[in-house]
Amino acid sequence: MENRSYVGDSTVGHLELHRDGNGITNNVQGTTESGLPPREKWNKSIEFLLSCVALSVGFGNVWRFPYTAMNNGGGAFMIPYLIVLFLVGRPLYYLEMVMGQFSSRGCVKVFDLSPLMRGIGVGQTLIMALILGFYSAVLSISVRYFIASFSSTLPWARCSPDWTNCVDSEFKGHTNSTTNRPSAEYYFKKSVIHSQSIKETGSIGMPDLNLALCLLFCWICITVILIRGIRSSGKAAYFLAIFPYVILLVLLVQVCSLDGAWDGISFLLKPQWAKLLEVKVWQAAVTQCFFSLTISLGAVIVFSSYNNFSNNIYRDSMIISWLDTFTSLMSGIIVFAIVGNIASITGHDIKNINETVALGGPGLTFITYPDAIAKFDAGQNIFAVLFFLMFFLLGLGSNTGIVTTIVSGVKDRYPQLTDWKVVLVVSIYGFCTGLVYITPGGFDVLDVVNDYGVELTVLTLVILEIVTFCWVYGVDRICHDIKFMLGISTGFFWRICWGFVTFTIIFTIWIFSIQGFKAPDVPAGLNAFGWCLVVLVVVQVPIWAVYAVSKRTETGLVNKIIAASLPTPDWGPESSTMQMQYKTEVEKRAEETVTRGGIMDMLKRMCPSFSE
């Protein structure tokens, strides 16, 4: 180990340099000149990896992926999803990890590389705040099921006398009536969320008291995990990331033995080539990719910003992105195997079961998984307890990641605030907004917030993010930064995706999705609220651009805009020593570029044919 004392422009303290399996790692200890401590770091690189797994491999895979695939035709969705993962998801995931780790900045402050576009980070933080509301509501439903799993007989396994056309979920035979629905569906809609359409009732109704108490419990857990900052959440990641896979693997083995299961799996995996021409399917694939990997929402940038400077980010991004894909496919196979079983029992055609039995939508997971557990020959209660504990842990990982992103955005702007105060305020906000989604009409509100506030806006912001990172800042400079940070060269695949392919795919889908957008079937006032959410998020970009330009001292509007689009003077590694080395290298590259440009101009003047 090598110790150095240093005094830099931005940090005064002690720098430790030591080598590990990944190369040189630096930890800055001490305080900044403003008296503030340097950015927290993960205790171990494995904590970062597991925290990213807990963040990315969560509700986006086990809850959102199955119902998105169901709503978009099963196998019709899989091919676009896998293509998008390869050409959009993985490149963006690696890019965001690089930008966060290199700069040690969160999703807002990372735009120090181009202050003109800082509104992108603010908009992404607002999207995360919208997602936080319904993610925490889904988490509370998992707690409700967890408690119900301790009943002597699973309450969703058998029909209640007032549930008409109901068939017991524990039943493994076949019925003659196609109007029958599993008791697990009735339990979710009538006993848990008391589902009612806003169009029929005219209001969303009041929150369910039991779910409200579960929601409060969820937010107490999230607050306890995060109140001490990133180090405490890193410790929790060991359990949050690993345990769910044990339960999913057991459930996978169980459902594959059910009658009709392979019909459902075939429906998920069998390609429907004609559907590839439908823009809606591609848009759903892109949005699901963003949700499952949690990219373009700021969380990946935030988590990687707590890394040591030379952590092997390339290795981590590959592990997490492939594991995420595997988890989505496994969750999809489990759910569609259960859907195939439901179709077999009730006599429905699996191709039309979404319309006839209404299994699509956010509630799909809370119907199919309980239905499968009810069919276990033994140990129903034990496995129900374990499964919904797993589901709770998955959601806890996702929600803590979202809260961490929001807290980081606030603290990057107001670093004098303490962690616990920001976490407490965000938790109170999350609890209050979560109450909306556990009302009888809450899932109608969820559809509006998701369609307007998330799907429309995230595509817009990710286009601007790619333009900022890859065009304004530049792919060449990103590759030089990776070389400086990790000592590895960037391959052609990443360069071509960052510079052209990823942007082209997303921009094309964005154009067609705007043209083909259909408002949810809800009252006009709720749709107007949705458009207000779009404006609230997207308007952050011009507002912060105007603010950045107004702060410039250059003369002339064009000069102000150009200056505001360039990196700030302190852009680069957090450590003063590393930043000095980085600036020296940047200046050296700039001189070489100027020299090469001068030689080329001279050759062209001496020999006009040289330019040809």
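On a predicted model such as this, the values are computed, not experimentally measured, just so you know.

A. Molecular detail of the overall build of the protein. If you tally the helices and strands in the protein, you get 22 helices and five strands. For the protein, buried positions account for 57% of its 612 residues. As displayed, the protein offers around 24700 Å² of accessible surface, 64% of which is attributable to carbon and sulfur atoms.

B. Region of interest: the state of the cysteines. Taken as a whole, this structure holds one disulfide when the rule is applied. Here Cys159 engages in a disulfide with Cys166; their sulfurs sit 2.0 Å apart. Taking the sign of the S-S torsion, -85° for the link of Cys159 and Cys166, the bridge is left-handed. You can call Cys159 partly exposed: its relative accessible area is 26%. On the basis of relative accessibility, which here comes to 18%, the residue Cys166 falls in the buried class.

C. Here's a closer look at the UniProt feature "binding site: Na(+)" (unreviewed entry) in the protein. Per the UniProt record, the feature "binding site: Na(+)" (unreviewed entry) sits at Val57, Asn61, Ser292, Leu394 and Ser398. Within the secondary structure layout, Ser292 lies in helix H10 (residues 279–293). Within the structure, Ser292 has its side chain in polar contact with the side chain of Tyr81 (distance 3.3 Å).

D. A look at the pattern of salt bridges. All told, the structure shown has 14 salt bridges when counted by the stated rule. Across the salt bridge formed by Lys189 and Glu185, the nearest N and O atoms sit 3.1 Å from each other. Residue Lys189 and its partner Glu185 are located together in helix H5 (residues 183–192), separated by four residues, close to a single helical turn. Judged by its relative accessible area of 2%, Glu185 is buried. In this structure, Asp419 engages Lys411 in a salt bridge whose closest nitrogen and oxygen atoms are separated by 2.9 Å. In this structure, a network of salt bridges that share partners links the residues Arg105, Lys109, Asp112, Arg118 and Asp570.

E. Quick peek at unusual backbone geometry. A positive phi is found at His194, a non-glycine position, where the angle reads about 50°. A relative accessible area of 33% places His194 in the partly exposed class. The phi torsion at Ser296 lies on the positive side, around 65°, for a residue other than glycine. On the secondary structure map, Ser296 appears in the loop between H10 and helix H11 (299–305).

F. Region of the structure containing helix H4 (residues 118–148). Taking 1.5 Å as the rise per residue, H4 with 31 residues should run 45 Å; its terminal C-alpha atoms sit 46 Å apart, in good agreement. Leu132 marks the point of greatest bend in H4, at about 25°. Counting buried positions along H4 yields 28 of 31 residues, so the element is predominantly enclosed.

G. Quick peek at the packing of aromatic side chains. With the rule as written, the count across this model stands at 42 aromatic pairs. Between Trp163 and Tyr186 the ring centres are 5.8 Å apart and the planes differ by 15°, which places this aromatic pair in the stacked class. Within this pair, whereas Trp163 is found in the loop between H4 and strand E4 (166–167), its partner Tyr186 is found in helix H5, the two being separated by 23 residues in sequence. The buried category is assigned to Trp163, whose relative accessible area is 10%. Residue classification places Tyr186 among the buried residues on the basis of a relative accessible area of 12%. A centroid spacing of 5.7 Å and a plane angle of 10° characterise the contact between Phe188 and Phe366, whose relative ring orientation is stacked. Taken together, the residues Phe188 in helix H5 and Phe366 in helix H14 (residues 365–374) connect sequence positions 178 residues apart.

H. Main features of the environment of Ile301. Mapped onto the elements of the fold, Ile301 is located in helix H11. Considered as a pair, Ile301 and Ser104 are 197 residues apart in the sequence and their alpha carbons are 8.8 Å apart. What Ile301 contacts, discounting residues up to four positions off in sequence, is Glu96, Gly100, Arg105, Gly106, Cys107, Val110, Glu465 and Phe469.

I. Focus on helix H20 (residues 540–550). When H20 is considered as a whole, its buried residues turn out to be Gln540, Val541, Trp544, Ala545, Ala548 and Val549. Along the axis of H20, the buried positions cluster into a sector of 155°, meaning they face one direction only. Turned more than 90 degrees away from the buried face of H20, the exposed residues are Val546 and Ser550. Its buried side turned inward, H20 meets H4, helix H15 (380–413), helix H17 (442–486), helix H19 (524–538) and helix H21 (557–564).

J. Quick peek at the environment of Met206. Following the sequence through the fold, Met206 ends up in the loop between helix H6 (198–201) and helix H7 (209–226). A relative accessible area of 68% means that Met206 is categorised as exposed. For the pair formed by Met206 and Tyr437, sequence separation is 231 residues and the distance between their alpha carbons is 9.9 Å. The residues contacting Met206, other than those within four sequence positions of it, are Thr439 and Pro440.

K. Structural context of the side chain of Asn341. Along the chain, Asn341 turns up in helix H12 (residues 313–346). Asn341 sits in the buried class, given a relative accessible area of 2%. Only 3.4 Å separates the side chain of Asn341 from the side chain of Lys375, close enough to count as a polar contact. For Asn341, the residues in contact, after removing those within four places along its chain, are Leu258, Asp259, Gly260, Ala261, Asp371 and Lys375.

L. Spatial organisation of the packing of H17 against H19. Running from amino to carboxyl end, H17 crosses H19 at an angle of 30°, the nearest separation of the two axes being 9 Å. As the angle between them shows, H17 and H19 are arranged roughly parallel. The two elements H17 and H19 cross, and the hand of that crossing is right-handed. Contact residues: Asp444, Val445, Val448, Val449, Tyr452, Gly453, Leu456, Thr457, Thr460 and Leu461 in H17; Leu526, Asn527, Phe529, Gly530, Trp531, Leu533, Val534, Val537 and Val538 in H19.

M. Just the side chain of Thr502, in detail. Following the sequence through the fold, Thr502 ends up in helix H18 (residues 492–515). Look past the residues within four positions of Thr502 in its chain and what remains in contact with it is Leu87, Val88, Pro91, Leu92, Ile466 and Cys497.

N. Quick peek at a nonpolar patch on the surface. Together, Ile227, Trp420, Leu424 and Ile428 make up a nonpolar patch on the protein surface, roughly 370 Å² of accessible area in all. Topologically, Ile227 is positioned in the loop between H7 and helix H8 (230–255).

O. Representation of the environment of Tyr547 in the model. Residue placement: Tyr547 occurs in helix H20. Each C-alpha atom of the pair Tyr547 and Pro115 lies 9.3 Å from the other, and the pair is 432 residues apart in sequence.

P. A look at the confidence of the model for the protein. Of all residues in the protein, 85% have pLDDT values of 70 or greater, and the mean over the chain is 82. Ranking the elements of the protein by mean pLDDT puts strand E1 (residues 2–7) last, at 34, and H20 first, at 96. Confidence drops under pLDDT 50 across residues 1–36; counting only partners more than four residues distant or on other chains, this segment forms 85 contacts. Under a pLDDT of 50 for its full length, residues 602–612 has, in the predicted model, four contacts with residues more than four places off or in other chains.

Basis of the calculations
Residues numbered from 1 in each chain as written. Predicted model: local features only at pLDDT ≥ 70, side-chain atom pairs only at ≥ 80, totals over all residues. Heavy atoms only, no water. Helix = DSSP H or I, 4+ residues; strand = E, 2+ residues; numbered from the N terminus. Buried < 20%, exposed > 50% of the residue type's maximum accessible area, 1.4 Å probe, protein only. Areas by Shrake-Rupley, 256 points an atom, 1.4 Å probe, with all protein chains shown as cover. Disulfide = S-S within 2.5 Å. UniProt positions renumbered as here; feature names shortened; annotations may be inferred. Polar contact = N/O pair within 3.5 Å; in protein donor to acceptor, adjacent residues only side chain to side chain. Salt bridge = Lys/Arg side-chain N within 4 Å of Asp/Glu carboxyl O. Expected span 1.5 Å × (residues − 1). Bend = angle between axes of the 7 residues up to and from the residue. Phe/Tyr/Trp six-rings, centres within 6.5 Å; stacked < 30°, edge-to-face > 60°. Contact = heavy atoms within 4.5 Å. Arc of directions from axis to C-beta. Axes fitted to C-alpha atoms, helices over the stretch in contact; angles between N-to-C directions. Parallel < 35°, antiparallel > 145°, perpendicular 65-115°, else oblique. Left-handed = near helix turned anticlockwise from the far one by under 90°. Patch = residues over 30% accessible without salt bridge, like charges linked within 9 Å, V, L, I, M, F, W, Y side chains within 5 Å. pLDDT = per-residue confidence, 0-100.

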